[in-house]
2 protein chains.
Amino acid sequence: MEKIFQYIDQHKKEYLDELFTFLRQKSISTRDEGVSECAELLAEIMKKSGIESKIYATDRHPVVYGESINDENAPTILVYGHYDVQPPEPFELWESDPFQPEIRDGKIFGRGTSDNKSQLFAHIKGFEAYLRTQGKVPINMKYIFEGEEEIGSPNLEVFADGHKDLLKSDAAIFSDSHVHESGKPMTILGLKGMTYVEITLYGANRDVHSMKAPTVPNPVWRMIELLSTLKGEDGLVKIDGFYDDVRPLLDLEIEAVKKIPLDKEAIMKDLGITKLVQNRTGDHYYYNLIFEPTCNIAGIFGGFTGEGSKTIIPNKVTVKIDMRLVPDQDPDDIYEKFKKHLIKHGYGDAEVKHHGMITPSRTPIDNPYVAVANEAITDAWGEEPLVFPGIGGAGPNYVFTRNLGIPCIVVPFASADQNNHAPNENMSVNGFMNGIKTAASIIDKVSKMRR
Amino acid sequence: MEKIFQYIDQHKKEYLDELFTFLRQKSISTRDEGVSECAELLAEIMKKSGIESKIYATDRHPVVYGESINDENAPTILVYGHYDVQPPEPFELWESDPFQPEIRDGKIFGRGTSDNKSQLFAHIKGFEAYLRTQGKVPINMKYIFEGEEEIGSPNLEVFADGHKDLLKSDAAIFSDSHVHESGKPMTILGLKGMTYVEITLYGANRDVHSMKAPTVPNPVWRMIELLSTLKGEDGLVKIDGFYDDVRPLLDLEIEAVKKIPLDKEAIMKDLGITKLVQNRTGDHYYYNLIFEPTCNIAGIFGGFTGEGSKTIIPNKVTVKIDMRLVPDQDPDDIYEKFKKHLIKHGYGDAEVKHHGMITPSRTPIDNPYVAVANEAITDAWGEEPLVFPGIGGAGPNYVFTRNLGIPCIVVPFASADQNNHAPNENMSVNGFMNGIKTAASIIDKVSKMRR
């Protein structure tokens, strides 16, 4: 790999120049600004790098697909990324034009630098560098770059389900998110799922003067009782069967979490809290963050919410709850169990809205492609990555693990201070270069896997 | 009394003319419109009727005091009323000018008609009729008419405490509120008190992404636990000592409540509910309304309260609670017990605001002045009043029962459909005339009390 890495370092200026062209092309998906132009530019960039590319229309923004099929007996790696970006506003907080990228202090500033153009671009250039130096790529590569990630990926699953043969692969590599706060590289092997519900309980058909409180039912008190049935004093979720499908942890997963550097005091100080939540297995920050499913009250409101006092019996109260799920909890199944819970406890009359379902995903840490990714990162970055068996956030990785049935490994190149979705979004030049090297190294490591 | 009642009927037109002059004089206390002019007019009206009157300045609007001292060995009755009115807006919903009273369908329409000018005016004319027909009033009468009721009576208690000798009496008669929905006259012997608290619990120093829910404490869950400690499944308030000072009921009080006509189905249909609250002694509507102290959640809010979904751990949650108290619960004592409860259950860190204290009052139903008032009403209205030992509402009657140490009996003359505080406020002409007769009859009955 030494030779390839040298080649990559020698072409730094070219890579940055090309990246800047890509960054200058707006692709604001939420307001359809420049997205199809960006898709065409991206397909062109891929072609020049030796990847056959094709644009697939969806109901909104196109998918740019690419491939390099070289040996039908060799493994196939599917790289996922997104070429759409967040709107740049508020402009006045940017220190330079969001669509005129520039480098300051070793960082490329501009909209889409870290999220996600530079990261997917690194994969293209990693492929190109491998091809140019080695003459041929011995494995099969596929690329799926969507234009709708910033609006919730409404067509990603649809596209995957409709193109299972096209996307057939042995593993997916996601390069989004960022490396660890400590600067260490990392891999992320899972995301949580979600069942989001909104419950409303009604009392009288209008707010009633609270002088009637000894006679007219108050739905807020009833909601307190309802919510009290959902969680025990031990912090456990009391919905029957809630934990039934939680996948047993591998020893390797537990060990990996123990290796993640943790400064509990700093976390608590930053948040202004004096203790962390105690869960089934204690208050270990990363263990809970990664492995514990949750039942979180995101909002509650009913009755008088202004300043001062008003004496009413509220006619209704609403609570919003997000339940973050871990493999192999199924969001639809949890929703059904939740509804059964309400009926069991006498709240079958509650109005329940349902704001979204995401399936959790976790690629087992002992999957051979995890080792390959870690080795590639170690080569490119010069240090071993931290391995996160999962994170607290939810996302569409299940489209790969569940719908396509392949392992999915997140390999971020951006820094923790990337300002995603915010002014002065940036990508470290070093992370970008390491990303190209990682991408090339992944090809190398996969080609050497024992089969 | 027959002769006096005839005299009153004969002077109906004069009474209405004089009342209209009084009603035309604006006295909107909340914006200081015409209040002092109205006080002077009222003092003048009282003088013409044979009551010595005097205007006392307060920190804002004056008290109009009047008296007729006739026999230092005779009982003294103190009549309370208020000459200030609510603002008339919205004008467009009035069918006639709020300050140009007119009679339609047997009702006087105008701002202040029922609340409270006609009612206090009836007392003045009742006195006058007694005086004109009998030559002299054999008991002592005192009148306190404040100009700040519609802004919460900020100086009533101050005035009472500062003028204890001036106001020294044997009983107070309040003519505010309205007769029963059935049209039957009534007396009200008590009002509830109140302790109003606002509790805020804090979590992190900002809203936190709910991916952190397995690690960062959620103050809403903690609030659910806190609120769960306040009330039991039996509906009882679980604050230690909350019921300690609840005054035992008299058999007569319980019997009086049983006589109040009740259409439970109609009440539930109107409110769109299928059951009433179950309290310590069952779900008897009036029993609970009158005798049960409450702990009512008037409002709760925390976190995301908009449409749709957002995934956060709220940084704080606030709940507003009004506790309506019955004699002899003391609002300050209940507040102290509430704070002790928080500490006992581990919520000593909660932020507690305190939005007002009202002392409950209840004149015992066997007080001799209650019988006198009931007899006077029976004479004037031709039917016995319903006797409410109390109502669900809170108010300043404690200034009389507690600060002045005298029984306080509410004797309303207005109809239940009076539109208090609303457009088209009105007073039944019949109720007004019965009020004058009741006032005269009270003088008669008191003068005949055995001493």
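An account of the accompanying structure is given in this report. Values in this document were obtained by computation on a predicted structure and should not be read as measured data. (Residues numbered from 1 in each chain as written. Chains lettered and ligands numbered in written order. Predicted model: local features only at pLDDT ≥ 70, side-chain atom pairs only at ≥ 80, totals over all residues. Heavy atoms only, no water.)

**Section: the relation of the copies chain B and chain A**
Phase 1 of the analysis: Each copy of the sequence occupies a distinct position, and chain B is placed on chain A by a rotation of 180° and an axial shift of 0.1 Å, giving an RMSD of 0.1 Å. When the rotation and shift are considered jointly, the pair of chain copies conforms to a two-fold rotation axis. For chain B, the smallest separation between a C-alpha atom and the rotation axis is recorded for Phe301(B), amounting to 2.1 Å.
Phase 2 of the analysis: Most of the interface of chain B is mirrored in chain A, where 100% of its interface residues again form contacts. (Least-squares fit on C-alpha atoms with pLDDT ≥ 70 in both. Contact = heavy atoms within 4.5 Å.)

**Examining the interface of chain B and chain A**
Phase 1 of the analysis: The interface is formed by 67 residues belonging to chain B together with 67 residues belonging to chain A.
Phase 2 of the analysis: Summed over both partners, the interface of chain B with chain A buries about 5,200 Å², with 61% contributed by carbon and sulfur atoms.
Phase 3 of the analysis: For the interface between chain B and chain A, the tally reads two salt bridges.
Phase 4 of the analysis: The shortest N-O distance in the salt bridge between Asp270(A) and Arg206(B) comes to 2.7 Å.
Phase 5 of the analysis: Linking chain B with chain A are 33 residue pairs in polar contact (both at pLDDT 80 or more), by the criterion used here.
Phase 6 of the analysis: Within the residue set of the side of chain B that touches chain A, elements represented by two or more residues are strand S10 (193–202), strand S11 (208–209), helix H7 (219–230), helix H9 (264–271), helix H10 (285–291), strand S12 (296–303), strand S13 (312–313) and strand S14 (316–325) of chain B.
Phase 7 of the analysis: The greatest single-element share of the side of chain B that touches chain A, amounting to eight residues, is contributed by S12(B). (Buried area = accessible area lost by both parts, 1.4 Å probe. Salt bridge = Lys/Arg side-chain N within 4 Å of Asp/Glu carboxyl O. Polar contact = N/O pair within 3.5 Å; in protein donor to acceptor, adjacent residues only side chain to side chain. Helix = DSSP H or I, 4+ residues; strand = E, 2+ residues; numbered from the N terminus.)

**So, the pairing of strand S7 (residues 171–174) of chain B**
Residues and elements named next belong to chain B.
Phase 1 of the analysis: The two faces of S7 match: Ala171 and Ile173 on one face and Ala172 and Phe174 on the other face are all buried.
Phase 2 of the analysis: Pairing of strand S3 (residues 76–82) with S7, which is carried by four bridges, proceeds in the parallel orientation. Within S7, the position partnered with tyrosine 80 by the bridge is phenylalanine 174.
Phase 3 of the analysis: For S7 and strand S18 (residues 408–410), the ladder comprises three bridges, and the chain directions are parallel. The residue of S18 that forms the bridge with phenylalanine 174 is valine 410. (Buried < 20%, exposed > 50% of the residue type's maximum accessible area, 1.4 Å probe, protein only. Pairing = 2+ DSSP bridges.)

**Some thoughts on the sheet that holds strand S19 (residues 426–428) of chain A**
All names here are of chain A.
Phase 1 of the analysis: Spatial ordering of the open sheet is given by S4-S5-S19, a layout of three strands whose pairing is antiparallel. Each edge of the open sheet carries a strand with a single partner, namely strand S4 (102–104) and S19. Within the sheet, the average angular offset between the axes of one strand and its neighbour, ignoring direction, is 30°.
Phase 2 of the analysis: Docked against the sheet, helix H2 (residues 12–24) engages S4 and strand S5 (107–109), running at close to 25° with respect to S5.
Phase 3 of the analysis: Against the sheet, helix H4 (residues 113–134) makes contact with S5 and S19, and its axis sits at roughly 45° relative to S19, the strand it touches most. (Axes fitted to C-alpha atoms, helices over the stretch in contact; angles between N-to-C directions.)

**Side note on the side chain of Asp176(B)**
Residue and element names in this part refer to chain B.
Phase 1 of the analysis: Note on placement: aspartate 176 falls in the loop between S7 and strand S8 (186–188).
Phase 2 of the analysis: Salt bridges are absent for the buried aspartate 176, whose nearest opposite-charge side chain, arginine 111, sits at 11 Å.
Phase 3 of the analysis: Among the polar contacts listed, one links the side chain of aspartate 176 to the side chain of histidine 82, at a separation of 3.3 Å.
Phase 4 of the analysis: One polar contact links aspartate 176 to asparagine 116, side chain to side chain, over a distance of 3.4 Å. (Lys, Arg positive; Asp, Glu negative; His and termini not counted.)

**Side note on the packing of aromatic side chains**
Phase 1 of the analysis: Applying the stated criterion across every chain, the model contains 26 aromatic pairs over all chains.
Phase 2 of the analysis: Each ring, one from Phe127(B) and one from Tyr143(B), has its centre 6.3 Å from the other, and the planes form 90°; the classification is edge-to-face. Placement of Phe127(B) in helix H4 (residues 113–134) and of Tyr143(B) in strand S6 (residues 140–146) is noted, with a sequence separation of 16 residues between them. Exposure class is identical for Phe127(B) and Tyr143(B). Each is buried.
Phase 3 of the analysis: Put simply, the rings of Phe22(A), Phe121(A) and Phe432(A) pair up and form one aromatic cluster. (Phe/Tyr/Trp six-rings, centres within 6.5 Å; stacked < 30°, edge-to-face > 60°.)

**Examining the environment of Asp59(B)**
Phase 1 of the analysis: Within the secondary structure layout, Asp59(B) lies in the loop between strand S1 (52–56) and strand S2 (63–68).
Phase 2 of the analysis: On a C-alpha basis, the gap between Asp59(B) and Phe159(B) in space is 9.9 Å, while along the polypeptide they are 100 residues apart.

**Some details on the nonpolar core**
Phase 1 of the analysis: Counting 66 residues, the largest nonpolar core has Tyr83(B), Phe145(B) and Phe432(B) as its most contacted members.
Phase 2 of the analysis: In contact with Phe432(B), not counting residues within four places along its chain, are Tyr15(B), Leu16(B), Leu19(B), Ser118(B), Phe121(B), Ala122(B) and Met427(B).
Phase 3 of the analysis: One finds Val64(A), Phe145(A), Ala414(A) and Met449(A) within the second-largest nonpolar core, a separate group that totals 65 residues. (Core = buried A, V, L, I, M, F, W, Y, C linked by side-chain atoms within 4.5 Å.)

**Focus: the sheet that holds strand S14 (residues 316–325) of chain A**
Phase 1 of the analysis: Here we have eight strands laid out as an open sheet, ordered S15(A)-S10(A)-S14(A)-S12(A)-S12(B)-S14(B)-S10(B)-S15(B), and antiparallel in their pairing. Strand pairing shows two members of the sheet lacking a second neighbour, strand S15 (351–358) of chain A together with strand S15 (351–358) of chain B, which therefore form its edges. Between one strand axis and the next, the sheet turns by 15° as a mean value, whatever way the strands run.
Phase 2 of the analysis: Where S12(B) meets S14(B), six bridges bridge the pair, whose relative direction is antiparallel.

**A short note on unusual backbone geometry**
As a rule of thumb, non-glycine residues mostly have phi less than zero, and peptide bonds are mostly trans rather than cis.
Phase 1 of the analysis: The omega torsion across Asp115(B) and Asn116(B) is 10°, close enough to zero to call that bond cis.
Phase 2 of the analysis: In this fold, Asn116(B) is placed in helix H4.
Phase 3 of the analysis: Of note, the amide linkage connecting Pro327(B) to Asp328(B) takes the cis form, showing an omega dihedral of 0°.
Phase 4 of the analysis: Here Asp328(B) is to be found in the loop between S14 and helix H11 (331–344).
Phase 5 of the analysis: Residue Asn424(A) is not a glycine yet carries a positive backbone phi of 60°.
Phase 6 of the analysis: Inspection of the secondary structure puts Asn424(A) in the loop between strand S18 (408–410) and S19.
Phase 7 of the analysis: Despite not being glycine, Asn419(B) has its phi angle at roughly 55°, a positive value.
Phase 8 of the analysis: Mapping Asn419(B) onto the fold places it in the loop between S18 and strand S19 (426–428).

**Some points on the packing of helix H12 (residues 368–381) of chain B against helix H14 (residues 429–447) of chain B**
Residue and element names in this part refer to chain B.
Phase 1 of the analysis: Orientation of H12 relative to H14, taken along the N-to-C sense of each, is 135°, at an axis distance of 8 Å. As the angle between them shows, H12 and H14 are arranged oblique. Between H12 and H14 lies a crossing whose hand is right-handed. Of the residues in H14, those touching H12 at Tyr369, Val372, Glu375, Ala376, Ile377, Asp379, Ala380 and Trp381 are Gly431, Asn434, Lys437, Thr438, Ser441, Ile442, Lys445 and Val446.
Phase 2 of the analysis: Broken down by class, the residue content of the contact of H12 with H14 amounts to eight nonpolar, four polar and four charged. (Parallel < 35°, antiparallel > 145°, perpendicular 65-115°, else oblique. Left-handed = near helix turned anticlockwise from the far one by under 90°. Nonpolar A, V, L, I, M, F, W, Y, C, P; charged D, E, K, R; others polar.)

Spatial relationships are all this shows, so hold off on functional conclusions.
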